[in-house]
Amino acid sequence: MASDTRNVKLGVCKVFYDGNDLGYTQGGVEFSVNTMTHKVNVDQFGKTTINETIIGRECTIKTPFAETTLQNMQALLPNLSLTLEGSLIQRLGVDTGIGVSLLETAKMLTLHPINKKDWDFSDEVIVPITNTPGQLTFAYDLEKERIFNTEFIGYPDPASGALFYAGNPFTDAPNKTFTITTATGSVVTGTGFTAGMTGKMAMLGVIDSSSVLGAGLLPRKLYYVKFVSATTVSLHNSYLDAIAGTGAVAITGAGTGTGQRLTVLN
């Protein structure tokens, strides 16, 4: 491949968690992949490695959030709820969290370079199943902003083993990405859907600046597919809902049209 100076990239990113933009960061977002291996040795070659086998891989995302709101704190501490006084947020109560499954409360996290349009997924990093155990640190300092320093951990999809995706998922590969043509109630109709997609991970996006998602839907958010018929599926926030066929996400509303894409991630 010929060298191209346009491949040298700079810039910061937006952090979307469960489809919501978590706001400004300070100090840079760090995405890292750690691959663990087992080195094979035999007596005849001493300590010289004769082979090496991958035994695991993990990804982490370190994020210093500058918007230290109670809503962000709630997003970064799993399984907690805010107390409201009418429409005003009053407080967030934090317990020990003992017994909380981070997999069951995991959500999709995506990193989107700010030099790309919101509808441009060409340089996206997508971690479909990720969570933070609540390792949150921040300081009260006279001359420094208060920062939520947080670390997210990616988990593999139980069905496919997929850990993360890099680049644009919205390609037109057969049985991979589908143009949404119509929407009625909680059912998306299109072409190429199969019963085997039940329970698969999916996300929604738009392919041009004129398209917006229908009411109640978010791009860069994890949904699950429930097969309905030869040409229809319903979308769900929960894997268990997708299997059971309950709790479908409504997709009615302005903006649902041919400019939108549904992609199955595994």
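Anything mentioned here points back to the structure above.
This section reports on the structure supplied with the text.

## Section: the overall build of the chain
Looking only at helices and strands, one finds two helices and 17 strands in the chain. With respect to the three principal axes, the spread of C-alpha positions in the chain is 65 × 55 × 45 Å. Classification of the 266 residues of the chain by burial places 35% in the buried group. Put simply, 64% of the contacts in the chain that link residues at least 6 apart link residues at least 24 apart. In the structure as shown, the chain presents an accessible area of about 14,900 Å², 53% of it carried by carbon and sulfur atoms. Of the charged side chains in the chain, 19 are positive and 23 negative; the average position of the first set lies 4 Å away from that of the second.

## Describing the environment of Ala106
Mapped onto the secondary structure, Ala106 falls in the loop between strand S6 (88–92) and strand S7 (107–113). With 23 residues separating them in the primary sequence, Ala106 and Ile129 have C-alpha atoms 5.6 Å apart. Discounting residues that sit within four places of it in the chain, Ala106 has contacts with Ile129, Thr130, Asn131 and Tyr155.

## Description of the pattern of salt bridges
Following the criterion strictly, the structure yields four salt bridges and no others. Here Asp123 makes a salt bridge to Lys9, at a shortest N to O gap of 3.4 Å. Highlighted residues: Asp123 in the loop between S7 and strand S8 (125–131) and Lys9 in the segment before strand S1 (13–17), separated in sequence by 114 residues. Residue classification places Asp123 among the partly exposed positions, given a relative accessible area of 25%. Overall, the relative accessible area of 55% leaves Lys9 in the exposed class. Between Asp18 and Lys221 there is a salt bridge, with its nearest N and O atoms 2.6 Å apart. Residue Asp18 is located in the loop between S1 and strand S2 (20–21), and its partner Lys221 is located in the loop between strand S14 (201–206) and strand S15 (223–227); the two are separated by 203 residues in the primary sequence. Neither residue differs from the other here; Asp18 and Lys221 are each classed as buried.

## Examining the packing of aromatic side chains
Taken as a whole, this structure holds six aromatic pairs when the rule is applied. Relative to Phe170, the ring of Phe121 lies with its centre 4.8 Å away and its plane at 70°, an arrangement referred to as edge-to-face. Of this pair, Phe121 sits in the loop between S7 and S8 while Phe170 is found in the loop between strand S10 (165–166) and strand S11 (177–179), placing the two residues 49 residues apart along the sequence. With respect to class, Phe121 is no different from Phe170; both count as buried. Between Tyr224 and Tyr239 the ring centres are 5.5 Å apart and the planes differ by 75°, which places this aromatic pair in the edge-to-face class. Taken together, the residues span a long stretch of sequence, with Tyr224 in strand S15 and Tyr239 in helix H2 (residues 239–244) at a distance of 15 residues. You can call Tyr239 partly exposed: its relative accessible area is 41%.

## Quick notes on the side chain of Glu124
Mapped onto the secondary structure, Glu124 falls in the loop between S7 and S8. With residues up to four places along the chain from it excluded, the contact list for Glu124 reads Thr110, Leu111, His112, Tyr165, Ala166, Gly167 and Arg220.

## Here's the deal with unusual backbone geometry
If you check the backbone angles, Asp18 has positive phi at about 55° while not being a glycine. Phi at Arg220 is positive, roughly 55°, even though this residue is not glycine. Positionally, Arg220 belongs in the loop between S14 and S15. We classify Arg220 as buried; its relative accessible area is 2%.

## What to know about the nonpolar core
Of all hydrophobic cores here, the largest spans 20 residues; its most connected members are Phe65, Leu76, Leu109, Leu111 and Phe152. Broken down by secondary-structure element, the contributors of at least two residues to this core are S1, strand S4 (51–65), helix H1 (70–76), S7, S8 and strand S9 (148–154). Residues contacting Leu76, with those up to four places away along its chain left out, are Leu22, Phe65, Thr132, Gly134, Leu136, Phe148, Thr150 and Phe152. Ranked by size, the runner-up nonpolar core spans 17 residues in total, among them Ile180, Val206, Leu235 and Leu262.

What counts, and at which threshold
Counting restarts for each chain: residues are numbered from 1 in the order of the written sequence. It should be noted that, the model being predicted, local features are given only for residues of pLDDT at least 70 and side-chain atom pairs only at 80 or more, the latter also being counted only at that level, while totals for whole chains, interfaces and linings use all residues. Heavy atoms throughout the structure, all of them, feed into the side-chain values; hydrogens and water do not. Helix and strand definitions follow DSSP, with helices as H or I runs of at least four residues and strands as E runs of at least two, each counted in order from the N terminus. Whether a residue is buried, partly exposed or exposed follows from its accessible area with a 1.4 Å probe, protein chains only, as a fraction of its type maximum: under 20%, in between, or over 50%, in that order. Contact between two residues is taken to exist if any of their heavy atoms lie within 4.5 Å; hydrogens are not considered. Computed with the Shrake-Rupley method and a 1.4 Å probe, the accessible areas treat only the protein chains shown as cover for residues. Positive charges are assigned to Lys and Arg, negative charges to Asp and Glu, while His and the chain termini are left out of the count. For this purpose, a charge sits on NZ of Lys, CZ of Arg, CG of Asp or CD of Glu. Just to be clear on terms, a salt bridge is a Lys or Arg side-chain nitrogen sitting within 4 Å of an Asp or Glu carboxyl oxygen. Aromatic rings from Phe, Tyr and Trp, with only the six-membered ring used for Trp, were paired whenever their centres fell within 6.5 Å, and each pair was classed as stacked if the ring planes differed by under 30 degrees, edge-to-face if by over 60, and tilted otherwise. Residues grouped as a nonpolar core are buried Ala, Val, Leu, Ile, Met, Phe, Trp, Tyr and Cys residues, joined through side-chain atoms within 4.5 Å.

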